[in-house]
Amino acid sequence: LGIVTPAYPDNFFFTDTCGKRREKDGRWFTGEKSRSRLPPEEKGHFLNYLLVCAKMARAVRKMHNHGLAHSDLSNKNVLIDPRNGSALLIDMDALVVPGIAPPTVLGTRGYIAPEVVAGKGLPQIDTDRHALAVLIYETLLLRHPIHGPKVHDTDPDVDDAMLFGEKALFVEHPTDKSNALSPAPAVPVSRLGPPLAELFYLAFVDGLHNKHKRPVADRWESAIYHTLDLLHPSPGGGEWFVLAPEMPMKCPFTQQAIQHRVPFARFLLERKPGNVSKEKRTLTIYNGLRLMKWHTVVGCSPGEDADSTEQGYFQLHNGRWWLTNKTGISIEVINGVPVPSGSAVELKSGLKIRFPHVSQRPGQPSGSCRVLEFDFMTP
């Protein structure tokens, strides 16, 4: 008889303030009381929590692509390390395999999809999508997206079943405020930026009671990557926050405001010379930011197999912003002078740079290339 026990890397363990060795399951990082027992060096910062969520979404995406459902995704069944942005899904003993292994558990309170709580469904890939959305919301904002102040029944058990079941309601619902948190959260979902806010509304407004509208895991992964492009260091250092055009130029975590102009780039797609269209992406620029291939090549993604060859870097020098070309070839300034590799171009409003790397993505028109258009956010 052989017994196999899981062995996790040392970075998924820590010693709490009471001196006990603990696994870093998500519960330690999403609850106010449990976080108080974490050593300060274990808490990490917002950038690394985004990386944690990307790893969770990636793991769920791979599992779902094989037709498997976890059936019990929750903060007790994921190990995370916010110090370096890593995550592991654990307790895979209740996997749902269509036609082979039916559901054996319903899940964990707070993560079970409303239709399962209401007795109208069983765990499957669609219910995993609900749990993943809850996990990501909770990990980034340190609160639950449904557990609000609204009372449905005087019987606690009935109230709980309605709270997470047929009467489930997003605490940040844009029109129905009956379950809104009071006081309002210091960091609302809108401060996570357009890519993630859009998916959270899709998951908890449109998809909360309609499983077919819930975002799939790879959409979460892609939205997190786009959000990473919107990060800016807090003015006082030590934290990161999402900054995009039309958003407050103030860190919601430290309450420190940026007092200078911040450059950003719009992503444009050029299918053929002169035929340029806007993409739903922008890049927020800070001093020292590196430009990577997933910024310059259409269809390139910063996933696990990404080409991490640096294409350039941004620098603030004497009050002027510059992009230094490190592609190894010249890049074209539209209606301007080409920038040889190793040379720099000053960022100005309206500057457009065409990168010569054509798309390698199936389905994209042959010769599609990336254009970046630069502008500035002003305090």
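Residues numbered from 1 in each chain as written. Predicted model: local features only at pLDDT ≥ 70, side-chain atom pairs only at ≥ 80, totals over all residues. Heavy atoms only, no water.

> What's the story with the overall build of the protein chain in this structure? I'm lost.
The helix and strand inventory of the protein chain stands at nine helices and 15 strands. Its C-alpha radius of gyration of 23 Å places the protein chain within 12% of the 21 Å reference for a compact globule of 379 residues. On the principal axes, the C-alpha backbone points of the protein chain span a range of 70 × 45 × 45 Å. The burial tally for the protein chain puts 49% of its 379 residues in the buried class. Within the protein chain, residue pairs in contact and separated by at least 24 positions form 57% of the contacts whose partners lie at least 6 positions apart. Of the roughly 18,200 Å² that the protein chain leaves accessible, carbon and sulfur atoms contribute 52%. Positive and negative side-chain charges in the protein chain, numbering 44 and 40 respectively, have mean positions lying 5 Å apart. (Helix = DSSP H or I, 4+ residues; strand = E, 2+ residues; numbered from the N terminus. Rg over C-alpha atoms; globule rule 2.2 N^0.38 Å. Buried < 20%, exposed > 50% of the residue type's maximum accessible area, 1.4 Å probe, protein only. Contact = heavy atoms within 4.5 Å. Areas by Shrake-Rupley, 256 points an atom, 1.4 Å probe, with all protein chains shown as cover. Lys, Arg positive; Asp, Glu negative; His and termini not counted. Charge placed at Lys NZ, Arg CZ, Asp CG, Glu CD.)

> Which parts of the structure should I look at to understand the packing of aromatic side chains?
Centre-to-centre distance and the angle between the planes together describe a pair of aromatic rings. A full pass over the atoms with the stated rule returns eleven aromatic pairs. Taking 5.3 Å as the distance between ring centres and 85° as the angle between the ring planes, the aromatic pair formed by Tyr 137 and Phe 200 counts as edge-to-face. Linking Tyr 137 in helix H5 (residues 125-141) with Phe 200 in helix H7 (residues 194-206), this pair joins segments that are 63 residues apart in sequence. Pair check on accessibility: Tyr 137 and Phe 200 agree, each one buried. Taking 6.1 Å as the distance between ring centres and 10° as the angle between the ring planes, the aromatic pair formed by Phe 200 and Phe 204 counts as stacked. Residue Phe 200 and its partner Phe 204 are both found in helix H7; the two are separated by four residues, about one turn of the helix. Ring pairs connect the aromatic residues Tyr 137, Phe 170, Phe 200, Tyr 201, Phe 204 and Trp 220, which therefore count as one cluster. (Phe/Tyr/Trp six-rings, centres within 6.5 Å; stacked < 30°, edge-to-face > 60°.)

> Just checking my understanding: could you explain helix H3 (residues 46-65) for this structure?
Because each turn of an α-helix spans 3.6 residues, side chains separated by three or four positions end up pointing in the same direction. Along its 20 residues, H3 runs 28 Å from first to last C-alpha, staying within 8% of the 28 Å computed at 1.5 Å per residue. Counted residue by residue, H3 has 15 buried out of 20 residues, so it is predominantly covered. Taken from the residues just after H3, Gly 67 is the one with a positive phi, measuring 80°. (Expected span 1.5 Å × (residues − 1).)

> Sorry if this is basic, but what is going on with the pairing of strand S8 (residues 275-284) here?
On a regular strand, one side chain projects to one face of the sheet and the next to the other, so that they alternate. Note: strand S7 (residues 262-272) against S8, seven bridges, orientation antiparallel. If you follow Arg 266 over to S8, its bridge partner there is Thr 282. Between the end of S7 and the start of S8, which pair antiparallel, lie two residues, with Gly 274 showing a positive phi angle near 90°. (Pairing = 2+ DSSP bridges.)

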